[in-house]
Amino acid sequence: MSITPEEVLKIANLARLQIKPDEVEQYAKDLSNIIHLVEQMNAVDTKDIQPMAHPLDATQRLREDEVKEENQREKFQTIAPAAEQGLYLVPKVIE
Amino acid sequence: MQWETVIGLEIHVQLATQSKIFSGASTAYGAEPNTQACAVDLGLPGVLPVLNKEAVKMAAMFGFAVDATVAERSVFARKNYFYPDSPKGYQISQFELPIVEHGKLEIVLNNGECKTIGITRAHLEEDAGKSLHEEFPDSTGIDLNRCGTPLIEIVSEPDMRSAEEAVAYMKKIHSIVRYLGISDGNMQEGSFRCDANVSMRPKGQKEFGTRTETKNLNSFRFVERAINHEIERQIDVLEDGGEVVQETRLYDANKDETRSMRSKEEANDYRYFPDPDLLPVVINSEELEAIKKELPELPAAKNARFKQSYELNDYDAENLVMDKDTADYFENIVNVGNVKAKLAANWVLGELTAALNQHDIEIMNSPVSAKMMSELLIRIEDNTLSNKIAKEVFHAMWAGEGSVDEIIEAKGLKQITDSSEIEALVDQVIADNPEQVEQYKSGKDKVFGFFVGQVMKLSKGKANPQQVNELLKAKLQ
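Residues numbered from 1 in each chain as written. Chains lettered and ligands numbered in written order. Predicted model: local features only at pLDDT ≥ 70, side-chain atom pairs only at ≥ 80, totals over all residues. Heavy atoms only, no water.

Draft legend 1. Examining the domain arrangement of chain B more closely. Looking at the assigned domains, one finds that chain B contains domain 1 (7–202 + 266–273 + 285–290), domain 2 (297–411) and domain 3 (419–476). Distance from the C-alpha centre of domain 2 of chain B to the C-alpha centre of domain 3 of chain B: 32 Å. (Domains from an automatic or database assignment.)

Okay, structure coming up:
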């Protein structure tokens, strides 16, 4: 399986990545190579192997349901590009 | 052509935890904007989500309540999309290995018919924040307090065939999460909301037609209306020789119509992958057994018990158990006041429900408490009040005019059961209406009702109707 230049543009758009038109071919080639590498693993019989969800052989630690965070809005909003009336402001989003 | 409707629902339920699913920020509703959005909720660099134990337990409880498989191992995944109310650029959800799979639920339709609806899965995920478009002329304001509130998304099989079935299913899910105490189910505040997938196919055809998804329906009435609209719209398109486009639509309650949300179309490629910040969630079988044992009595079991111990019919039992608070209220009246179950059921589902609906009040906040209601019904059973006068007393209690006995005393409403007193009234009515007496004696039985009415009127509704009937019958012989 290979990645086409059209697919590169689609993935870039979904990930909101800006790429230069003259780089599309190279990305298509590089990504195709990665896919080919992964495809080699398909040759291995993995019938009885449970797919790994995480490289660590451990399970999720759970937290007690307790409110431990305090309001730090003022602090957080000093690093926001724009905030007003307690709200974070972003360019107008029209549905 | 005869069309068949196919409906599947996705229901989002906010879990009633104190803190967020992956952070220690509060989930309380209605706080000042962004005062409950911590570094984890904001997706600031370097933070790590840590899973809330209670959210996992609540999801498992739901699974057991709908006869589903609760997975000993489930995995969180990232659902990637960009929208300003989701600051990380992805939502943490579950994809390939959800915590709950293969459940089912029985619904009862208005005609009494039962139907089983399959539940494909229910997975844990985090809620997004809110976008406020109206406040500023050139910007959108973002409130991230809701970000990270735990949700379960419950996905049904495409088993429903009408808006009525969809609403019945949604009400049943609502009832179950309230019974389990895993959500407040408050639809106005968005704790319980629904997306409806609707498609049409020619009757008898096996393959599904193209479906649309109508988003964010936050009342039972809107679900019914939006689905019926979508059915009509799709039939119109198909019968004009057109094709239904697979798309997301939005229901506009003000205009009562659905319309296309083109902005989200291209985003329907979420590129899920396991979230490297979270390890697989493992609940061992002993823990699962413990959760199962803690489950409260659910609507179906309560329904069966109500029919058995209180000898209620299907209608009364189903309507009483639908809402847990209503069922508790009913049981309080019957057990505390030792009132006849049928009388209690009639009053709870009749006068009380009507008054609650009219004033838009939840039963737990009813101005007439279960104790007051039982005192009222005792006064009907001991013949102090007729059913009709009891309604007057009920509304006086509702308005805060005092206890049953205080109101009876103050308004002089005590039922007349003294037979000599009733006899005097009966004699007077007979004496005043010789013409009707003639008619009755010549065989016009219908006139009997007239006499009863006159006696009741003369007694200002206070005469015991049964005694009035008996005495009139005897006197008119």
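On we go from here.
Draft legend 2. Just a nonpolar patch on the surface, in detail. On the surface, Ile11, Tyr27, Leu31, Ile34, Val38 and Met41 of chain A cluster together to form a nonpolar patch covering roughly 530 Å² of accessible area. As for its placement among the helices and strands, leucine 31 of chain A is situated in helix α2 (residues 24–41). (Patch = residues over 30% accessible without salt bridge, like charges linked within 9 Å, V, L, I, M, F, W, Y side chains within 5 Å. Areas by Shrake-Rupley, 256 points an atom, 1.4 Å probe, with all protein chains shown as cover. Salt bridge = Lys/Arg side-chain N within 4 Å of Asp/Glu carboxyl O. Helix = DSSP H or I, 4+ residues; strand = E, 2+ residues; numbered from the N terminus.)

Draft legend 3. Representation of the sheet that holds strand β14 (residues 248–252) of chain B within the structure. Residues and elements named next belong to chain B. Spatial ordering of the open sheet is given by β3-β7-β8-β11-β1-β12-β13-β14-β15, a layout of 9 strands whose pairing is mixed. Two strands in the sheet have a free side with no partner beyond their single neighbour: β3 (69–70) and β15 (257–260). Bridge count for strand β1 (residues 3–14) against strand β12 (residues 192–202) is 11 bridges, and the pairing is antiparallel. Pairing of valine 13 across the sheet is with phenylalanine 192, part of β12. Most of the contacts of helix α3 (residues 163–180) go to strand β7 (residues 100–108), to which it runs at about 115 degrees, and overall it touches β1, β7, β8 (114–126), β11 (150–156), β12 and β13 (212–217). Helix α4 (residues 220–239) rests against β1, β12, β13, β14 and β15 of the sheet, and its axis sits at about 25 degrees to β12. (Pairing = 2+ DSSP bridges. Contact = heavy atoms within 4.5 Å. Axes fitted to C-alpha atoms, helices over the stretch in contact; angles between N-to-C directions.)

Draft legend 4. Layout of the sheet that holds strand β6 (residues 90–94) of chain B. Spatially, β6-β5-β16 (chain B) is the arrangement adopted by the 3 strands of the open sheet, whose pairing is antiparallel. The strands lining the two open edges of the sheet, one partner per strand, are β6 and β16 (273–274) of chain B.

Draft legend 5. Spatial organisation of helix α9 (residues 341–359) of chain B. Residue and element names in this part refer to chain B. In this model α9 runs 26 Å from its N-terminal to its C-terminal C-alpha over 19 residues, within 8% of the 27 Å that 1.5 Å per residue would give. Approximately 35 degrees is the largest bend angle found in α9, and it occurs at threonine 353. When α9 is considered as a whole, its buried residues turn out to be Ala341, Leu343, Ala344, Ala345, Trp347, Val348, Glu351, Leu352, Ala355 and Leu356. Tucked inside the fold, the buried residues of α9 contact α6 (299–310), α7 (314–321), α8 (324–337), α10 (370–381) and α11 (387–398). (Expected span 1.5 Å × (residues − 1). Bend = angle between axes of the 7 residues up to and from the residue. Buried < 20%, exposed > 50% of the residue type's maximum accessible area, 1.4 Å probe, protein only.)

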